Amino acid sequence: GGLHARGVFAPMVRNEDLAFDRREVAVEAVIAGSLREDRSGWKAEAVARSVNGRPFVYGIVVHWMRGIDVGALPLPGQAARLDGWLRRPRLARNPGAFGERDFLAERGLAWVLEARETAALGEPVAWTWLPWYGAERLHRCVSRRLRARLVADDARLLEGFMLGYKGALSIPLNRAVRDAG
């Protein structure tokens, strides 16, 4: 608790890697988490291996904007090339406000990539990733089928009841779900 609160486990970014901040880059990474939807798009955690061909080993959050074909995005354990805008997480602007950098540092993530293009590298998925890989395939299959048959909010709500993750609901419905407990 105390060491974590003091930032002892926060990711350390090397000075030479700060040159990539706010730049267009090509990142090779292994997707390390399932997709999560919010109002701005889709997000997943990843472990970067290189940026523009240089070694770069950090936890990153990959963000894809709305309208992307979710079925084409890599699954957990898959290596991918991600082209986009790399930046450091934002600090809180006001006392008590949400600080993206602190939030992500608690999860061991040091960078955010706003991905424009994504391509799987075709490497085999390591056996240690197979449970996450299979679970995410099931999640995407259920989500796709629900969204094909139901109105968007109904599909997301039912997905939340079935799988524990509701996605981005409309603001009034999200408030109603939150207030209902």
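Residue positions are given per chain, counted from 1 along the sequence in the order it is written. Per-residue local features are limited, in this predicted model, to residues with pLDDT of at least 70; the limit for side-chain atom pairs, both in listing and counting, is 80 or more; totals at the level of whole chains, interfaces and linings are taken over all residues. Values shown for side chains rest on all heavy atoms present in the structure; no hydrogens or waters enter the calculation.

Caption draft 1: Focus on the pattern of salt bridges. Only one rule defines a salt bridge in this text: a Lys or Arg side-chain nitrogen within 4 Å of an Asp or Glu carboxyl oxygen. With the rule as written, the count across this model stands at 16 salt bridges. Between Glu24 and Arg116 there is a salt bridge, and its shortest N-O distance comes to 2.8 Å. With Glu24 in strand β1 (residues 23-31) and Arg116 in strand β7 (residues 109-120), the pair connects residues that are 92 residues apart, well separated along the chain. A relative accessible area of 45% means that Glu24 is categorised as partly exposed. For Arg49, the salt bridge goes to Glu28, with nearest N and O atoms at 3.8 Å. On the criterion of sequence distance, the pair formed by Arg49 in strand β3 (residues 41-51) and Glu28 in strand β1 is long-range, its members being 21 residues apart. In this scheme, a residue with accessible area under 20% of its type's maximum is buried, one over 50% is exposed, and one in between is partly exposed, where area comes from a 1.4 Å probe on protein chains only. Accessibility expressed as a relative area gives 32% for Arg49, which makes it partly exposed. Numbering goes from the N terminus for both helices and strands, where a helix is a DSSP run of H or I of at least four residues and a strand is a run of E of at least two.

Caption draft 2: Main features of a nonpolar patch on the surface. Each patch is built from salt-bridge-free residues with over 30% relative accessible area, joining like charges within 9 Å and nonpolar side chains (Val, Leu, Ile, Met, Phe, Trp, Tyr) within 5 Å. In this description, accessible areas are obtained by the Shrake-Rupley approach with a 1.4 Å probe, and a residue is regarded as covered only by the protein chains that are shown. Taken together, Leu150, Leu158, Phe161, Met162 and Leu163 make up a surface patch of nonpolar side chains, about 490 Å² in accessible area. Among the structural elements, Leu150 can be located in the loop between α3 (130-149) and α4 (152-163). Judged by relative accessible area, which is 37%, Leu150 ranks as partly exposed.

Caption draft 3: Quick peek at the environment of Leu173. With respect to the helices and strands, Leu173 occurs in helix α5 (residues 171-180). Judged by its relative accessible area of 24%, Leu173 is partly exposed. Along the chain, Leu173 and Arg88 lie 85 residues apart, while their C-alpha atoms are 32 Å from each other. What makes two residues a contact is simply this: any of their non-hydrogen atoms within 4.5 Å. Setting aside residues no more than four positions away along its own chain, Leu173 makes contact with Asp153 and Leu157.

Caption draft 4: Region of the structure containing the packing of aromatic side chains. Aromatic rings from Phe, Tyr and Trp, with only the six-membered ring used for Trp, were paired whenever their centres fell within 6.5 Å, and each pair was classed as stacked if the ring planes differed by under 30 degrees, edge-to-face if by over 60, and tilted otherwise. Per the counting criterion, the structure on display carries six aromatic pairs. Look at Phe56 and Tyr58: their rings are 4.7 Å apart centre to centre, the planes differ by 65 degrees, and that puts the pair in the edge-to-face class. Arranged with centres 5.5 Å apart and planes meeting at 55 degrees, the rings of Phe98 and Phe103 form a pair that is tilted. Using a relative accessible area of 59% as the deciding quantity, one classes Phe98 as exposed. Among the aromatic side chains, those forming a connected cluster through ring pairs are Phe20, Phe56, Tyr58 and Trp111. For the cation-ring pair, Arg88 lies above Trp111, with the distance from its terminal atom to the ring centre recorded as 5.5 Å. We count a charge as sitting over a ring when the NZ of a lysine or the CZ of an arginine lies within 6 Å of the ring centre and within 35 degrees of the ring normal. The ring centre of Phe103 lies 3.7 Å from the NZ or CZ of Arg107, which sits over that ring.

Caption draft 5: Structural detail: the nonpolar core. Counting 25 residues, the largest nonpolar core has Val27 and Trp64 as its most contacted members. Taken together, the elements giving at least two residues each to this core come down to β1, β3, β5 (59-65), β6 (79-87) and β7. Ranked by residues supplied to this core, first place goes to β3 with five residues. Residues within four places of Val27 in sequence aside, it is in contact with Ala48, Ser50, Val51, Ile60, Ala80, Arg81, Leu82 and Leu113. What is meant by a nonpolar core is a set of buried Ala, Val, Leu, Ile, Met, Phe, Trp, Tyr and Cys residues, joined one to another through side-chain atoms within 4.5 Å.

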